[in-house]
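# Structural features, examined
Chain by chain, the residues run as shown.
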Amino acid sequence: MEDPRASPLGRQSVSPTRQENRRPNPRRWAPRGAALAVLGLAATGCASNDLTRLGMPEPITDQAERVLSLWQGSWVAAFAVGILVWGLIIWSVIFHRKRSEQLPPQVRYNMPIEALYTVLPIVVISVLFFFTARDQAIILDTDEPADVNIEVVAFQWAWQFNYLDDTKENGGEVLFSETGIPNPDGTADPSTQTTLVLPEGATVHFDLHSPDVIHSFWIPEFGFKMDVVPGRDNAFQASLTEDSAGQYIGRCAELCGVDHTRMLFNVEVLPQDEYDAWAAEQEQAAVTADNEAAEAVDSEADSADGSGAEGSDAEGTGSGAADAEENE
């Protein structure tokens, strides 16, 4: 007797059933997914530290490290929500695809599920809001005594840094200043950009002021930026870490005019002893310049007084001669 499975009719009756009931095997796709993930990480060409910072620069202040932690936590929350949502979508596509004309069970007006849809986003947003508000309050706190006080003056289109003996709010006096010179041809020239020199491991207080339009003071390694608004003095503090020595670039992060792109400045963080020597040299140079300016003003005043005295003597001599002539 002929085996039915060997006949064309037998093969036709068995094959469609097998094909119809075949489902994807997750064990076959798991190694491929892992290989693709490893390939994607290798293709980035980033070190592990760069990868975990998720595009943020290396922080050089305590405040920047807090911002980085908030940034990383936000990404963790975003990844968790994304994995959950995409997992539900893929699960629905694979295991609840249409197999017949029968209407599948409906979940409309399911109160537990609808409550979950409403409560879960509120919980996620509330948690993010709590950590954001907490970190913002800490970052903007200026009550800690500062080691260095600097007034930042942003103008079109350069920067001026006035080193003060106290905060602007307490009437700090200017010890010395560093002022940038806008390049006449409208391009950014590092040789004409001013340099903000800071001590390593110190707490620096910044007072921000603008005489013209809105600018924005931004050092990427600080982790955040602050607007410089005319008529309103903003302030913040940054606590530099002990290993922050190096050179960095600062810039204006607010479109402030036609030459906004050249509003750059250099940042140099020095060890404390080198900074002290530099600050003493700058302060002495400022005192010498003030003395020379005062001597020049006194010299001009003396010259003006001398010219006035000579004119008076000449007038007196002329009056005496006229009197003598009248007496004769």
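Residues numbered from 1 in each chain as written. Predicted model: local features only at pLDDT ≥ 70, side-chain atom pairs only at ≥ 80, totals over all residues. Heavy atoms only, no water.

What follows covers the pattern of salt bridges. In the structure shown here, the tally under the stated rule is four salt bridges. Between R262 and D259 there is a salt bridge whose closest N-O contact spans 2.7 Å. Look at D259 and you get buried, because its relative accessible area is 16%. Members of the salt-bridge network, linked through shared partners, are R66, R134 and D135. (Salt bridge = Lys/Arg side-chain N within 4 Å of Asp/Glu carboxyl O. Buried < 20%, exposed > 50% of the residue type's maximum accessible area, 1.4 Å probe, protein only.)

Summed over the entire model, instances satisfying the criterion amount to 16 aromatic pairs. Each ring, one from Y275 and one from W278, has its centre 5.8 Å from the other, and the planes form 35 degrees; the classification is tilted. Taken as a pair, Y275 and W278 lie in helix α6 (residues 272-327) at a separation of three residues, close to a single helical turn. Judged by relative accessible area, which is 7%, Y275 ranks as buried. W278 gets classed as buried once you look at its relative accessible area, which sits at 16%. The lysine or arginine in question, K225, covers the ring of W218, its NZ or CZ lying 5.6 Å from the ring centre. (Phe/Tyr/Trp six-rings, centres within 6.5 Å; stacked < 30°, edge-to-face > 60°. Helix = DSSP H or I, 4+ residues; strand = E, 2+ residues; numbered from the N terminus. Lys NZ or Arg CZ within 6 Å of the ring centre and 35° of its normal.)

This part covers the side chain of S210. With respect to the secondary-structure elements, S210 resides in the loop between β5 (203-209) and β6 (215-218). Of note is the side chain of S210, whose polar atom sits 3.4 Å from the backbone oxygen of A154. Polar contacts involving the side chain of S210 include one to the main-chain amide nitrogen of D212, which spans 3.4 Å. Beyond its immediate chain neighbours, meaning those up to four positions away, S210 contacts A154, H215, V228, V229, P230 and G231. (Polar contact = N/O pair within 3.5 Å; in protein donor to acceptor, adjacent residues only side chain to side chain. Contact = heavy atoms within 4.5 Å.)

Let's shift gears to the nonpolar core. A general trend in soluble globular proteins is that nonpolar side chains are found buried together. Core analysis: the largest hydrophobic core is formed by 41 residues, its most contacted members being I150, Y163, L196, L198, F206 and F217. The contacts of L196, once residues within four sequence positions are left out, are I150, F161, Y163, F206, F217, I219, F265, N266, V267 and E268. (Core = buried A, V, L, I, M, F, W, Y, C linked by side-chain atoms within 4.5 Å.)

With that out of the way, let us pick up empty space enclosed by the protein. On inspection of all chains with the given rule, the structure shows two cavities of 30 Å³ or more. Empty space within the second largest cavity amounts to approximately 30 Å³. Lining of the second largest cavity is provided by M56, P57, E58, P59, A64, L68, P220, E221 and G223. By residue class, the composition of the lining of the second largest cavity is six nonpolar, one polar and two charged. (1 Å grid on protein atoms, 1.4 Å probe; cavity = no way out; pocket = protein on both sides within 12 Å on 5 of 7 lines; lining within 4 Å. Points joined across faces, edges and corners; volume = space filled by probe spheres on them. Nonpolar A, V, L, I, M, F, W, Y, C, P; charged D, E, K, R; others polar.)

A word on the side chain of T203. Inspection of the secondary structure assignment puts T203 in strand β5. Residue class for T203 comes out buried when judged on its relative accessible area of 7%. The contacts of T203, once residues within four sequence positions are left out, are E144, P145, A146, D147, V148, Q237, A238 and S239.

On to the sheet that holds strand β2 (residues 158-164), then. Read from one edge to the other, the open sheet built from five strands follows the order β3-β2-β1-β5-β8, with strand pairing classed as mixed. The open sheet terminates on both sides in strands that have one partner only, identified here as β3 (174-179) and β8 (234-239). Each adjacent strand pair in this sheet contributes to an overall mean axis angle of 25 degrees, direction not counted. Across six bridges, strand β1 (residues 148-155) lies against β5 in parallel orientation. When the sheet's bridge partners are listed, V148 is paired in β5 with V204. (Pairing = 2+ DSSP bridges. Axes fitted to C-alpha atoms, helices over the stretch in contact; angles between N-to-C directions.)

Moving on: the packing of helix α4 (residues 62-95) against helix α5 (residues 111-139). How two helices sit against one another is set out by the angle between their axes and by the gap between those axes. Contact pair α4 / α5: the axes reach a minimum separation of 10 Å and the direction vectors enclose 175 degrees. Classified by the angle their axes make, α4 and α5 are roughly antiparallel. On α5, the residues touching Q63, R66, V67, L70, S74, A77 and L84 of α4 are L120, L128, F131, T132, R134, D135, I138 and I139. Grouping the amino acids of the contact of α4 with α5 by side-chain chemistry returns nine nonpolar, three polar and three charged. (Parallel < 35°, antiparallel > 145°, perpendicular 65-115°, else oblique.)

This brings us to the sheet that holds β6. Ordered by their spatial adjacency, five strands build an open sheet running β4-β10-β9-β6-β7, and the pairing between neighbours is mixed. Unpaired on one side and paired on the other, β4 (195-199) and β7 (225-228) mark the two borders of the sheet. Strand-to-strand twist across the sheet, computed as the mean angle between neighbouring axes with direction ignored, equals 25 degrees.

Across its 34 residues, α4 extends 49 Å between first and last C-alpha, which sits within 8% of the 50 Å expected from 1.5 Å per residue. When α4 is considered as a whole, its buried residues turn out to be Q63, A64, V67 and L68. (Expected span 1.5 Å × (residues − 1).)

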